[in-house]
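# Topology and contacts: notes
Residues per chain are reported as follows:
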Protein chains: 2
Amino acid sequence: MTVDPNFLSALMILKLEGVFTLTGEERQALHDLPMRVVVLKTNQDIVHIGECPLQSFLVLEGFASSYKLTADGVRQIVALHIPGDAPDLQTLHLKRIDCSFASISPCKVGFFQLDDLRRICERHPRLSAAFWRETLVDASILREWVVNVGRRDAYTRVAHLLCEFLVRLKAVGLVENSAFDFPITQANLADATGISAVHMSRALKALREDGLIQTRRMHLAVPDWAKLVNAGDFDPFYLHLGVNAAAGFRPAPQPKAAAL
Amino acid sequence: MTVDPNFLSALMILKLEGVFTLTGEERQALHDLPMRVVVLKTNQDIVHIGECPLQSFLVLEGFASSYKLTADGVRQIVALHIPGDAPDLQTLHLKRIDCSFASISPCKVGFFQLDDLRRICERHPRLSAAFWRETLVDASILREWVVNVGRRDAYTRVAHLLCEFLVRLKAVGLVENSAFDFPITQANLADATGISAVHMSRALKALREDGLIQTRRMHLAVPDWAKLVNAGDFDPFYLHLGVNAAAGFRPAPQPKAAAL
DNA sequence: TCCAAGGCATAACGTATGTTATGTGGCAAG
DNA sequence: CTTGCCACATAACATACGTTATGCCTTGGA
């Protein structure tokens, strides 16, 4: 996959447009944000917990993770990031960063100055709101992850993660025929779901044998989407995708409005 | 505990002042936000997942939870809320709410109109940023919860949750002599840590026997804070408390700044 | 005063998952 | 072409935790 030279416009704008239509001015402001592109190999640290960075970054190609370590050095991935994501937008308002970020596949990221982004937010309140919204969606995903890790067995948990992956990748156009590049090791998947690497191997085997997924080296296919959704207890609503992006994934109904 | 009639000023302002000093105007704007106070018994639903509410709420007294259910009806609490918290601030930018909210003790909440808050955000960018920051801290707590549930054993997990509770309660002045009111059932604690109620009973017993906590009906005391922190693998940094609020809890050092 | 309900403790038992170990194949570096 | 590394598979074994069940105690309502 190659990326348009105007990275920000290509990816972030795509995401924001899913929610509301940008004005020409807003689009231009994003387009003009200076970015420094950096190419990374697998398993390279991008930002480390405790730092007080002056810049933030965007994933342009490949996959990245947010992670934390426990006292005895066990890793838990707390978020997976795909092209178009701004993993550490939080640094905009939280000085010290509370988790580490690393590439989990060969990947390309774009750094920009937080001060530049702050200026954009001041001048374009709608963009500011849109970025805020992005961080709120991240929080929603975290809530679902707590449920996933806390209350679902390994099989369901893995199916759920794969569902989330597919929907999010589809939203940025990285899925073809229910299949996508998947250069993520089982160890990383294990760290993201809170199980051991050995058990991740078992879970994937079971999913394969049940015909829910097909894995061919660094590539994953989903032959029966409905079955995987069912196995993973998956409802994409928590991703808060724009209507365009979610086409074909949303189930049906809207519950009634609040009372009280 | 009784609450000042100016709920918002008493609680939310206290929290915000931990981060930066409000101007008189900003303080007044918050003070003038119309609120409708509602008294709740234990286990009452406040907002239900899927709704598109026009109002949001603040916890004034007692404790509340955010929770989700899996397909087979198992509950996972994804956040615990104490007085001063605005549990569903997300509704400001996400139309449909992605988790349910309920009281988990007798409690008092204050509802306000989202439109009123939006108006405040438009007129007072610093307040807008402060609210954004609040939601980012919530996300940071969620990240730590994913680690807690995903990678720590029950004993450590419970100790960690109790540490978090103590620090957060202390920040709003609800702790005396390392002890606090704790009207939360073991079943709720179990749902918050992703373990069974039976095992929660076992874990609490172990903590009691190790002298890390003392429980006297609806009341919890921590005789040796350092030991509990150690047992819970707890570092309060992720709570992003203001320096004032965190006094006495922060460990020492600041890591070096970012490079790259 | 009594009863019902819920919160808690504890025991017996089952199991999903972790741990440790070994072998295979692919791939990159020399 | 080797060599070594790493991702993955699989087996044997260990265990933390879930489940089901029972009983006690407190609390609040009739």
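Worth saying up front: this structure is predicted, and the values here are computed from it rather than measured. For every chain, the first residue of its written sequence is number 1, and the numbers climb from 1 along that sequence. Labels follow written order: the first chain is A, the first ligand is 1, and so on. Residue-level local features of this predicted model are given only where pLDDT is at least 70; pairs of side-chain atoms are given and counted only at 80 or more, and the full residue set underlies all totals for whole chains, interfaces and linings. No hydrogens and no water enter the side-chain calculation; it runs on all heavy atoms of the structure.

### Some remarks on the side chain of E144 of chain A
Take E144 of chain A: it is sitting in helix 4 (residues 125–151). Each polar contact in these results corresponds to two N or O atoms within 3.5 Å; when the atoms are within protein, one needs to be able to donate a hydrogen and the other to accept it, and residues that are neighboring in sequence are counted only if both atoms are side-chain atoms. At 2.4 Å, the side chain of E144 of chain A and the side chain of R152 of chain A are in polar contact. Only 2.5 Å separates the side chain of E144 of chain A from the side chain of K68 of chain B, close enough to count as a polar contact. We call two residues in contact whenever any of their non-hydrogen atoms come within 4.5 Å of each other. Aside from chain neighbours lying at most four places away, what touches E144 of chain A is R152, H160 and Y238 of chain A together with K68 of chain B. Secondary structure follows DSSP: runs of H or I at least 4 residues long count as helices, runs of E at least 2 residues long count as strands, and numbering of each begins at the N terminus.

### Some points on the sheet that holds strand 4 (residues 64–69) of chain B
In sheet architecture, strand pairing relies on hydrogen bonds along the backbone and comes in two forms, parallel and antiparallel. Pairing is antiparallel across the open sheet formed by 4 strands, whose spatial order is 2-6-4-5 (chain B). What marks the edges here is a single partner per strand, and that holds for strand 2 (45–47) and strand 5 (75–81) of chain B. Sheet twist, expressed as the mean angle between neighbouring strand axes with direction ignored, is 35 degrees. Pairing between two strands requires that DSSP report at least two bridges joining them. As paired elements, strand 4 of chain B and strand 6 (residues 100–103) of chain B share 4 bridges and run antiparallel to each other. Bridge assignment links S66 of chain B to a residue of strand 6 of chain B, and that residue is F101 of chain B. Running at roughly 130 degrees to strand 5 of chain B, helix 4 of chain A makes contact with strand 4 and strand 5 of chain B of the sheet. The angle between two axes is taken between their N-to-C directions and runs from 0 to 180 degrees, where each axis is a line fitted to C-alpha atoms and a helix contributes only its stretch in contact.

### Comments concerning the sheet that holds strand 5 (residues 75–81) of chain A
All names here are of chain A. The antiparallel open sheet is built from 4 strands, whose spatial order is 2-6-4-5. Strand pairing shows two members of the sheet lacking a second neighbour, strand 2 (45–47) and strand 5, which therefore form its edges. Sheet twist, expressed as the mean angle between neighbouring strand axes with direction ignored, is 35 degrees. Looking at chain direction, strand 4 (residues 64–69) and strand 5 are connected through 6 bridges and run antiparallel. Bridging across to strand 5, L69 finds its partner in R75.

### What to know about helix 2 (residues 24–31) of chain A
All names here are of chain A. In this scheme, a residue with accessible area under 20% of its type's maximum is buried, one over 50% is exposed, and one in between is partly exposed, where area comes from a 1.4 Å probe on protein chains only. For helix 2, every residue scored as buried is listed here: E26, A29 and L30. Down the axis of helix 2, the buried side of the element spans an arc of 95 degrees, and every buried residue falls inside it. Away from its buried face by more than 90 degrees, helix 2 exposes G24 and E25. Working note: the arc is built from the helix axis to C-beta atom directions.

### Concerning the pairing of strand 6 of chain B
Regular strands place side chains that alternate from one sheet face to the opposite one. All names here are of chain B. Going residue by residue along strand 6, you find S100 and A102 tucked away on one face and F101 and S103 tucked away on the opposite face as well. Note that strand 2 and strand 6 share 2 bridges and pair antiparallel. Paired with V47 across the strands is F101, a residue of strand 6.

### Quick look at the packing of aromatic side chains
Note on ring pairs: Phe, Tyr and Trp rings are taken, using the six-membered ring of Trp, and paired if centres are within 6.5 Å. Classes follow the plane angle, with under 30 degrees stacked, over 60 edge-to-face and the rest tilted. Applying the stated criterion across every chain, the model contains 17 aromatic pairs over all chains. On the numbers, 5.7 Å between centres and 5 degrees between planes, the contact of W132 of chain A with W132 of chain B is stacked. With W132 of chain A in helix 4 and W132 of chain B in helix 4 (residues 125–151), the pair connects residues from two separate chains. Taking relative accessible area as the criterion, W132 of chain B reaches 2% and is therefore assigned buried. Ring centres 5.6 Å apart and planes at 80 degrees place the aromatic pair F180 of chain B and F182 of chain B in the edge-to-face group. Looking at F180 of chain B, the relative accessible area reads 2%, which means it is buried. Connected via pairs of aromatic rings, a cluster forms that spans F63, F165, F180 and F182 of chain A. In this scheme, Lys NZ or Arg CZ marks a charge over a ring once it lies within 6 Å of the ring centre and within 35 degrees of the ring normal. Seen from the ring of Y67 of chain A, R75 of chain A lies directly overhead, with NZ or CZ sitting 5.6 Å from the centre. A cation over a ring is seen here: R96 of chain A above F237 of chain B, with NZ or CZ 4.1 Å from the ring centre.

### With respect to the protein's contact with DNA strand C
Here a residue is considered near a molecule or strand provided that any single heavy atom belonging to it is located within 4 Å of it. Taken together, 16 residues sit near DNA strand C, with A154, S196, H199 and R202 of chain A together with Q186 of chain B positioned nearest. For DNA strand C, the backbone portion of the atoms within 4 Å of the protein, that is sugar and phosphate, comes to 67%. Within the side chain of S196 of chain A, one N or O atom sits 3.0 Å away from a phosphate oxygen of DNA strand C. Between a phosphate oxygen of DNA strand C and a side-chain N or O atom of Q186 of chain B, the distance comes to 2.5 Å.

### Structural notes on the domain arrangement of chain A
Residue and element names in this part refer to chain A. Splitting chain A by domain gives domain 1 (7–132) and domain 2 (152–246). Measuring from the centre of the C-alpha atoms in domain 1 to the corresponding centre in domain 2 gives 23 Å. Taken residue by residue, the interface counts 14 residues in domain 1 and 18 residues in domain 2. Note on definitions: buried area is the accessible-area loss of two parts on being combined, 1.4 Å probe, summed for both. Buried surface at the junction of domain 1 and domain 2, both sides included, amounts to about 1400 Å², of which 61% is carbon and sulfur. In terms of surface lost to domain 2, no three residues of domain 1 exceed F63, L80 and I82, which account for 37% of the buried area on that side. Any carboxyl oxygen of Asp or Glu within 4 Å of a side-chain nitrogen of Lys or Arg constitutes a salt bridge here. At the junction of domain 1 and domain 2, the tally comes to 2 salt bridges. For D85, the salt bridge goes to R168, with nearest N and O atoms at 2.9 Å. Inspection of the domain 1/domain 2 interface yields 7 residue pairs in polar contact (both at pLDDT 80 or more). No other element matches the 5 residues that strand 5 contributes to the side of domain 1 that touches domain 2. For the side of domain 1 that touches domain 2, the residue count by class is 7 nonpolar, 4 polar and 3 charged. Each domain span listed reflects an automatic or database assignment of domains. The residue classification treats Ala, Val, Leu, Ile, Met, Phe, Trp, Tyr, Cys and Pro as nonpolar and Asp, Glu, Lys and Arg as charged. All others, Gly included, are polar.

### Regarding the relation of the copies chain A and chain B
When chain A is fitted to chain B, the residual RMSD is 0.0 Å, and the transformation amounts to a turn of 180 degrees plus an axial shift of 0.0 Å. Here the copies are linked by what is in effect a two-fold axis. Copy-to-copy alignment: least squares on C-alpha atoms, limited to residues at pLDDT 70 or above in both.

### Observations regarding the protein's contact with DNA strand D
Within the structure, DNA strand D sits among 16 residues, and Q186 and R208 of chain A together with S196, R202 and R217 of chain B are positioned closest to it. For DNA strand D, the fraction of atoms within 4 Å of the protein that belong to sugar or phosphate moieties is 65%. Here a phosphate oxygen of DNA strand D and a side-chain polar atom of S196 of chain B are 2.9 Å apart. Within the residue set of the surface near DNA strand D, elements represented by two or more residues are helix 7 (197–209) of chain A together with helix 7 (197–209) of chain B. Counting residues per element, the surface near DNA strand D draws most heavily on helix 7 of chain A, at 5 residues. Along the lines of polarity and charge, the residues of the surface near DNA strand D split into 4 nonpolar, 6 polar and 6 charged.

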